[in-house]
Amino acid sequence: MLCQQCNKRSATVHLTKYINGQKTEVHLCQECARQRSDINIFAPFTINDLLSGLLDMAAPSTVIGKGKDIKCSTCGMTYSQFKKVGRVGCEDCYKSFSRELDPILKRIQGGTHHTGKVPSRMGFNYRLRRNIDQLKRELNKAVETEAFEEAARLRDEIRELEKELKKANEKGA
Amino acid sequence: MSWMTDLGPMRDVVISSRVRLARNIKGYPFPVIMDRETAREAMEKVHGGIVSGNSSLSKDLKFMPMYELDDLERNILVERHLVSPDLIQRADYTGILIDDREEICIMLNEEDHIRLQCILPGNQVAKAWDTIDKVDDVVEENVEYSYHESLGYITSCPTNVGTGMRASVMMHLPALVYGGHINGILQTISKIGLTARGLYGEGSEALGNIFQVSNQVTLGPSEEEIVDNLEIVIKQIADKEKLTRKAIYEANKIELEDNVYRSLGVLKYARRLTAKEFMALLSQVRLGVSMGIIEDITLTDIDKLMVAGQSANLKSYAKQHDKSEEDLDIIRAEIVDHLI
């Protein structure tokens, strides 16, 4: 079948429309189909589309209902702008929109706390604290699986690190 | 380009592995609202830091601002999976730092200020993480990252905060598609924080039976946990694919060989190939090569051809920008003749 529009290339896009029970069929080649506004199969569905859906669900109605928009004082981005583009304007937006963003993060991410890599600039104390948190999680796991010897070892290690942290804090103060 | 020319482990099923880290510079507005001047200043900060640094990276990485490339050169980078379409759409604001082997590519001012990526052939997610982790350390020496105690690395899109890490593999899964197992697998992995999608083609259609499997969650698990999780799943999917390939071959030896050789015949001798037909034939031939049915073509030949057969690469091959889809179909058929 040839494309109805250019009559040159073969038709690979077939559109069937039902409007008020009236059926119309259109057969086009890819190039002609791209130029039609009523055919948008070429626009990919992005993570943004999904995200804006979630944002609408999660935002408390008081924010949207009263027509008052929150604005990030650092970069000037508003919450409604963020909803449209799915991206925040600066690092402080996470603070400015935290009431709205926190529940969304929980929903899309599962976790709420980063447990991975730490920039080396973050300093000794912070790394130590993170280390202790990690060991505590391991301790809980050991207790759950009744690996008591391992648990005792972890408990001692945690105590050591906590002592070290206390010393470091006193020095810092 | 190393992921196309070197074999790598499990290449019969896993084409390439990639790890990407999203980072932002403390105190700078994110690319979504950046003006041109600030964008170029941010790029220079990263580029300058790496050049002035003492690491081997300073010699290896070449800086390429997107505004210095023409349209075609930019599109080729996209089809080689080195940069995203978004990066080249805002060419006035963006750039890359890339090494000779095209294993390390740092995108500047894409969605985030800095996106570090490592791409390796075959199944090498752990090695890709290891490599890019070290590059990240070097960049961090000169650039202070935006980092939050509980949210981790701050990114422009909330779907990336935490590790800022996306680890992914490109897998060729013809037997699982043929056997009807693929949808079940895709649904299952979405339940454990991973996601899969067709790499080429639109919507649910995966041209050439090529799928990209990656982690969905970035906040909570550590980088190592993400890598381990992904590797376990890749191995299981690859094992299942190989078993199914074998089962299909044993059950219908002649039919499979017939399919593979017919595909090779059409691929080699056709004078016109649409992108869709090209990818379908290539998938069959790749299956044939990986099972030893075809012996005089290698897996890397096929994967090279797969990239060469995409539109912008064809235009570059023909040295003409204004080719219609129909012309490209003819050039696509010609290029097969040159490469295999």
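Residues numbered from 1 in each chain as written. Chains lettered and ligands numbered in written order. Predicted model: local features only at pLDDT ≥ 70, side-chain atom pairs only at ≥ 80, totals over all residues. Heavy atoms only, no water.

Draft legend 1. Representation of the overall build of chain B in the model. Counting its secondary structure elements, chain B contains 14 helices and 10 strands. By the compact-globule yardstick of 20 Å for 340 residues, chain B fits well, its C-alpha radius of gyration being 21 Å. Seen through its C-alpha atoms, chain B measures out along the principal axes to roughly 65 × 45 × 35 Å. The buried share of chain B, taken over its 340 residues, is 59%. Residue pairs at least 24 apart in sequence account for 70% of intrachain contacts in chain B once pairs closer than 6 positions are excluded. (Helix = DSSP H or I, 4+ residues; strand = E, 2+ residues; numbered from the N terminus. Rg over C-alpha atoms; globule rule 2.2 N^0.38 Å. Buried < 20%, exposed > 50% of the residue type's maximum accessible area, 1.4 Å probe, protein only. Contact = heavy atoms within 4.5 Å.)

Draft legend 2. Structural detail: the nonpolar core. Residues and elements named next belong to chain B. Counting residues in hydrophobic clusters, the biggest one holds 56 residues, and the most contacted among them are Val46, Ile106, Ile114, Leu116, Ile132, Val139 and Met171. Excluding residues that lie within four positions of it along the chain, Val46 makes contacts with Ile25, Leu97, Leu108, Ile114, Val139 and Val143. Core analysis: the second largest hydrophobic core is formed by 52 residues, Leu267, Ala270, Leu273 and Phe278 among them. (Core = buried A, V, L, I, M, F, W, Y, C linked by side-chain atoms within 4.5 Å.)

Draft legend 3. Here's a closer look at the pattern of salt bridges. Residues and elements named next belong to chain B. Following the criterion strictly, the structure yields 33 salt bridges over all chains and no others. Its salt-bridge partner being Arg40, residue Asp92 comes within 3.4 Å of it at the nearest N-O pair. Taken together, the residues Asp92 in the loop between helix 5 (85-89) and strand 3 (95-98) and Arg40 in helix 2 (residues 36-52) connect sequence positions 52 residues apart. Residue class for Asp92 comes out partly exposed when judged on its relative accessible area of 31%. A salt bridge links Arg115 to Asp112, with the nearest nitrogen and oxygen atoms 3.0 Å apart. (Salt bridge = Lys/Arg side-chain N within 4 Å of Asp/Glu carboxyl O.)

Draft legend 4. A look at helix 13 (residues 311-318) of chain B. Residues and elements named next belong to chain B. For helix 13, every residue scored as buried is listed here: Ala312, Asn313 and Leu314. The secondary structure elements touched by the buried residues of helix 13 are helix 4 (71-79), helix 12 (299-308) and helix 14 (325-339). Positive backbone phi, approximately 55°, marks Lys319, located one or two places after helix 13.

Draft legend 5. Examining helix 2 of chain B more closely. All names here are of chain B. For helix 2, spanning 17 residues, the distance from its first C-alpha to its last is 24 Å, which sits close to the expected 24 Å at 1.5 Å a residue. In this structure, the buried residues of helix 2 make contact with helix 3 (57-60), strand 2 (62-65), strand 3, strand 4 (104-108), strand 5 (114-121) and helix 6 (125-142). The N-terminus of helix 2 is capped by Asp35, whose side-chain oxygen sits 3.2 Å from the backbone nitrogen of Glu37. (Expected span 1.5 Å × (residues − 1). Polar contact = N/O pair within 3.5 Å; in protein donor to acceptor, adjacent residues only side chain to side chain.)

Draft legend 6. Geometry of the domain arrangement of chain B. All names here are of chain B. The domains assigned to chain B are domain 1 (2-243) and domain 2 (252-339). With centres defined by C-alpha atoms, the gap from domain 1 to domain 2 works out at 27 Å. Carbon and sulfur atoms make up 68% of the area that domain 1 and domain 2 hide from each other, which totals about 2,000 Å². On inspection of domain 1 and its partner domain 2, the count reaches 1 salt bridge. Arg11 serves as the salt-bridge partner of Asp303, at 2.9 Å between the closest nitrogen and oxygen. Counting across the domain 1 and domain 2 interface gives 8 residue pairs in polar contact (both at pLDDT 80 or more). The set of elements that each furnish at least two residues to the side of domain 1 that touches domain 2 consists of helix 1 (2-5), helix 4, strand 8 (165-172) and helix 7 (174-178). Here the side of domain 1 that touches domain 2 is built from residues that sort into 13 nonpolar, 5 polar and 7 charged. (Domains from an automatic or database assignment. Buried area = accessible area lost by both parts, 1.4 Å probe. Nonpolar A, V, L, I, M, F, W, Y, C, P; charged D, E, K, R; others polar.)

Draft legend 7. Focus on the interface of chain A and chain B. Counting from both sides, the interface comprises 36 residues of chain A and, opposite them, 47 residues of chain B. Put simply, chain A and chain B have 5 salt bridges between them. One can count 26 residue pairs in polar contact (both at pLDDT 80 or more) joining chain A with chain B. When contributions to the side of chain A that touches chain B are tallied by element, the ones reaching two or more residues are helix 2 (47-58), helix 4 (79-85), helix 6 (98-109) and helix 7 (124-144) of chain A. Here the side of chain A that touches chain B gets 4 residues from one element, more than from any other, and that element is helix 6 of chain A. The residue inventory of the side of chain A that touches chain B, partitioned by class, reads 18 nonpolar, 10 polar and 8 charged.

Draft legend 8. Structural context of the packing of helix 11 (residues 275-290) of chain B against helix 12 of chain B. All names here are of chain B. As a packed pair, helix 11 and helix 12 sit with axes 10 Å apart at the nearest point and diverge in direction by 170°. Relative to helix 12, helix 11 is oriented roughly antiparallel. Together, Phe278, Met279, Leu282, Val285, Arg286, Val289 and Ser290 of helix 11 and Leu299, Ile302, Asp303, Leu305 and Met306 of helix 12 make up the contact between the two elements. Class assignment for the residues of the contact of helix 11 with helix 12 results in 9 nonpolar, 1 polar and 2 charged. (Axes fitted to C-alpha atoms, helices over the stretch in contact; angles between N-to-C directions. Parallel < 35°, antiparallel > 145°, perpendicular 65-115°, else oblique.)

Draft legend 9. Here's a closer look at the sheet that holds strand 9 (residues 194-198) of chain B. All names here are of chain B. One open sheet accounts for 8 strands, arranged 2-3-4-5-1-8-10-9; its pairing is antiparallel. For this open sheet the edge positions go to strand 2 and strand 9, each flanked by a neighbour on one side alone. On average, each strand axis in the sheet is inclined to that of its neighbour by 20°, with strand direction left out of account. Both strand 3 and strand 4 contribute to a ladder of 4 bridges, which runs antiparallel. (Pairing = 2+ DSSP bridges.)

Draft legend 10. The packing of aromatic side chains, seen in detail. Overall, the coordinates contain 6 aromatic pairs over all chains when judged by the stated rule. Judged by centre distance (5.5 Å) and plane angle (70°), the rings of Tyr79 of chain A and Phe97 of chain A are edge-to-face. Highlighted residues: Tyr79 of chain A in helix 4 and Phe97 of chain A in the loop between helix 5 (93-96) and helix 6, separated in sequence by 18 residues. Relative accessible area serves as the criterion here: at 2%, Tyr79 of chain A is assigned to the buried category. Overall, the relative accessible area of 0% leaves Phe97 of chain A in the buried class. Ring pairs connect the aromatic residues Tyr126 of chain A together with Tyr145, Tyr147 and Tyr153 of chain B, which therefore count as one cluster. Lying across the ring of Tyr153 of chain B, Arg23 of chain B places its NZ or CZ 3.5 Å from the centre. Sitting over the face of the ring of Phe278 of chain B, Arg332 of chain B holds its NZ or CZ atom 6.0 Å from the ring centroid. (Phe/Tyr/Trp six-rings, centres within 6.5 Å; stacked < 30°, edge-to-face > 60°. Lys NZ or Arg CZ within 6 Å of the ring centre and 35° of its normal.)

Draft legend 11. Spotlight on unusual backbone geometry. Positive phi, normally seen in glycine, also occurs at Met10 of chain B, with a value near 55°. A relative accessible area of 24% places Met10 of chain B in the partly exposed class.

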